[in-house]
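# Residue-level structural notes
Spelled out, the chains give:
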Amino acid sequence: MTIHWCGTGLSAIPGLRRLIEAGHEVTVWNRSTDKARKVVGDLTDRIKAFDIEALGAELSKGDVVVSMLPAEWHVPLAKLCLEKDTHFVSSSYIAPEMRALDDAFRNKGLSSVNEVGLDPGIDHLMAHHLVAEYRASDAYDPANEISFLSYCGGVPKIANAFRYKFSWSPLGVLKALRSPSRSIRNFSELRVDRPWNALSSYDAPLPQAETFEVYPNRDSVPFIEDYRFDPAWPVRDFVRGTLRLNGWSDAWADVFAEIESLSGPEGDARLKEMSDQFWAENAYDDGEPDRVVLCVELKAAKDGKIVWHKSYVMDAWGDARGTAMARLVSVPVSLAVEAVLTRAVPAGVTAAPSDPRLVGKWMDEIGRLAQHLAIVDRTTV
């Protein structure tokens, strides 16, 4: 069985190299073969120019296609996998069009594994672990009020005046600032049109306590079911969101104001101009360390008293191995590929696994990627 790894961008390389070095049969596909050779040419000469028809001609039953390409390629590649009886893996959120392929993958006994990067990905593993641990605890009571939060952010290890730095085009970050979100706050649904309208502070239980600015993103609510919450649990708070350095909202105040005023083709053109400017002024320098902070927290309360409260926290930064972001996105993808090859994940369209054995195995590996990974019991803190 061959792994067909499509895309050799900045966040793809450590996981790709890990699979090749482990002796798996891997073919690398990238639009620019020269760029691919620069990052894995020392390990393999099985590098081909990406073209979906050429890829289709190479696929054999039981192969695995990995898409580290832009999101618009995921569904076409997944459909190609169905046609060729092969499996599919990506780090991206499961789009409705991908979820619609669930029955087709199940019927063929094939896996389409998604949401297995950093966020989404490692955050899911942490959530599954905490929920399972809470269910098994003496404090468990279906009547307990539950609060859940998950905040992840890539931030500069060495803070700058802008309180943020870019590893690639800022355009995606700017567009995300125009996206609405849905979460649960104080037992009620909270809908927010812009992130800066829902900013709050979060005290992360890191070895050296640190406060970050956080805000909800996307739609948190479907993950209540994905994380195996009992429908009977009273959910006080449930939010998945983004984490930024303290001072970020002040540094970006003018950006927020301008984004709010943009619309139509002219607005899109202006966003591109802003993106180019930010890239010129706030891109990471060669060798400059990035940083990733991820905090997932589950809390249960009874009669106004906290009876169970744990946080799964990770702090990682760039080092001699490269950027933290690249390690934490692509290595979990490589773990998912190996899980597909060993039939450790079910058929159908799925996200990061909830199986305790796989969660434990993957988190052990992730512990070697991060400088700090810990579960903090905050029940009595």
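Notes on the structure follow. Remember, predicted model here, so these are calculated numbers, not experimental data.

Attention now moves to the overall build of the protein chain. On a plain count of helices and strands, the protein chain comes out with 14 helices and 16 strands. The C-alpha radius of gyration computed for the protein chain amounts to 21 Å, which stays within 12% of the reference 21 Å derived for 381 residues, consistent with globular compactness. Relative to its 381 residues, the protein chain shows a buried fraction of 52%. A separation threshold of at least 6 residues defines the contact pool for the protein chain, and within that pool the share at least 24 residues apart is 70%. When the accessible surface of the protein chain is split by element, carbon and sulfur atoms take 49% of a total near 17000 Å². Positive and negative charge centroids in the protein chain, built from 43 and 54 side chains respectively, lie 3 Å apart.

When charged atoms on two side chains of opposite charge get close, those side chains can pair. Under the defined criterion, the tally for this structure stands at 28 salt bridges. Note that Arg-17 and Glu-21 form a salt bridge whose closest N and O atoms lie 3.9 Å from each other. Of the two residues, Arg-17 and Glu-21 both sit in helix α1 (residues 13-21), four residues apart, roughly one turn of that helix. We classify Glu-21 as exposed; its relative accessible area is 54%. Here Arg-327 makes a salt bridge to Asp-319, at a shortest N to O gap of 3.2 Å.

Taken together, the side chains of Leu-10, Trp-168 and Trp-279 present a nonpolar region at the surface, about 350 Å² in accessible area. Looking at where Trp-279 falls in the secondary structure, it is placed in helix α12 (residues 264-282). A residue is classified by how much of its surface remains accessible, and Trp-279, at 39% relative accessible area, is partly exposed.

Counting across every chain of the model gives 26 aromatic pairs. Taken together, a centroid distance of 5.2 Å and an interplanar angle of 70 degrees make the contact between Tyr-134 and Tyr-140 edge-to-face. Judged by its relative accessible area of 0%, Tyr-134 falls in the buried class. A relative accessible area of 24% means that Tyr-140 is categorised as partly exposed. Where Trp-196 meets Phe-256, the ring centres are 4.7 Å apart and the plane angle is 15 degrees; that geometry is what we call stacked. Of this pair, Trp-196 sits in the loop between β9 (188-192) and β10 (200-204) while Phe-256 sits in helix α11 (residues 253-261); the two residues are 60 residues apart in sequence, bridging distant segments of the chain. Each member of the pair Trp-196 and Phe-256 is classed as buried. Members of the aromatic cluster, each reached through a chain of ring pairs, are Tyr-93, Tyr-134, Tyr-140, Phe-148, Phe-223, Tyr-227, Phe-229, Trp-233, Phe-238 and Trp-308. Sitting over the ring of Trp-317, Lys-157 keeps its end group 3.8 Å from the ring centre. Stacked on the ring of Trp-248, the Lys or Arg Arg-244 has its end atom at 5.8 Å from the ring centre.

Extensive coverage of strand β7 (residues 145-156) is indicated by the burial of 11 of its 12 residues. Judged from the 12 bridges that link them, β7 and strand β13 (residues 290-302) form a sheet pairing that is antiparallel. Paired with Ser-147 across the two strands is Lys-299, which belongs to β13. Pairing geometry for β7 and strand β12 (residues 235-245), over seven bridges, is parallel. From the neighbouring strand, Cys-152 faces β12, where its bridge partner is Thr-242.

On to the layout of surface pockets. There is about 510 Å³ of room inside the second largest pocket. Residue assignment for the lining of the second largest pocket shows that the elements contributing at least two residues are α1 and α13 (324-341).

One way to put it is that α11 packs onto α12 with a least axis distance of 11 Å and a crossing angle of 160 degrees. The orientation of α11 with respect to α12, classified from their angle, is roughly antiparallel. Here α11 and α12 pass one another in a crossing that is left-handed. Contacts from Val-255, Glu-258 and Ile-259 of α11 reach α12 at Arg-270, Leu-271, Met-274 and Phe-278. Here the residues of the contact of α11 with α12 sort into five nonpolar, no polar and two charged.

With that out of the way, let us pick up the environment of Pro-195. The residue Pro-195 is located in the loop between β9 and β10 in this model. Sequence-wise, Pro-195 and Val-235 are 40 residues apart; in three dimensions their C-alpha atoms are separated by 22 Å. Once residues lying within four places of it in the same chain are set aside, the contact partners of Pro-195 are Ala-176, Leu-177, Ser-179 and Tyr-215.

With parallel pairing, seven strands are arranged side by side in an open sheet as β3-β2-β1-β4-β5-β6-β15. Because the sheet does not close on itself, it has two edges, and the strands there are β3 (47-49) and β15 (348-350). Across the sheet, the axes of successive neighbouring strands diverge by a mean angle of 20 degrees, strand direction being ignored.

Time to look at the side chain of Asp-102. Relative to the assigned elements, Asp-102 resides in helix α6 (residues 102-108). Within the local environment of Asp-102, its side chain forms a polar contact with the backbone nitrogen of Val-349, the two atoms lying 2.8 Å apart. Setting aside anything within four residues of it in sequence, one finds Asp-102 in contact with Gly-348 and Val-349.

Attention shifts here to the side chain of Glu-115. Position of Glu-115 relative to the elements: it lies in the loop between β6 (111-113) and α7 (122-135). For the buried Glu-115, no salt bridge exists, and the shortest N-O distance to an oppositely charged side chain is 4.9 Å, to Arg-99. Those residues in contact with Glu-115, other than ones at most four positions away along the chain, are Ser-90, Ser-91, Ser-92, Tyr-93, Ile-94, Pro-120, Gly-121, His-124, Phe-223, Ala-351 and Ala-352.

Cut-off values and rules
- Residues numbered from 1 in each chain as written.
- Predicted model: local features only at pLDDT ≥ 70, side-chain atom pairs only at ≥ 80, totals over all residues.
- Heavy atoms only, no water.
- Helix = DSSP H or I, 4+ residues; strand = E, 2+ residues; numbered from the N terminus.
- Rg over C-alpha atoms; globule rule 2.2 N^0.38 Å.
- Buried < 20%, exposed > 50% of the residue type's maximum accessible area, 1.4 Å probe, protein only.
- Contact = heavy atoms within 4.5 Å.
- Areas by Shrake-Rupley, 256 points an atom, 1.4 Å probe, with all protein chains shown as cover.
- Lys, Arg positive; Asp, Glu negative; His and termini not counted.
- Charge placed at Lys NZ, Arg CZ, Asp CG, Glu CD.
- Salt bridge = Lys/Arg side-chain N within 4 Å of Asp/Glu carboxyl O.
- Patch = residues over 30% accessible without salt bridge, like charges linked within 9 Å, V, L, I, M, F, W, Y side chains within 5 Å.
- Phe/Tyr/Trp six-rings, centres within 6.5 Å; stacked < 30°, edge-to-face > 60°.
- Lys NZ or Arg CZ within 6 Å of the ring centre and 35° of its normal.
- Pairing = 2+ DSSP bridges.
- 1 Å grid on protein atoms, 1.4 Å probe; cavity = no way out; pocket = protein on both sides within 12 Å on 5 of 7 lines; lining within 4 Å.
- Points joined across faces, edges and corners; volume = space filled by probe spheres on them.
- Axes fitted to C-alpha atoms, helices over the stretch in contact; angles between N-to-C directions.
- Parallel < 35°, antiparallel > 145°, perpendicular 65-115°, else oblique.
- Left-handed = near helix turned anticlockwise from the far one by under 90°.
- Nonpolar A, V, L, I, M, F, W, Y, C, P; charged D, E, K, R; others polar.
- Polar contact = N/O pair within 3.5 Å; in protein donor to acceptor, adjacent residues only side chain to side chain.

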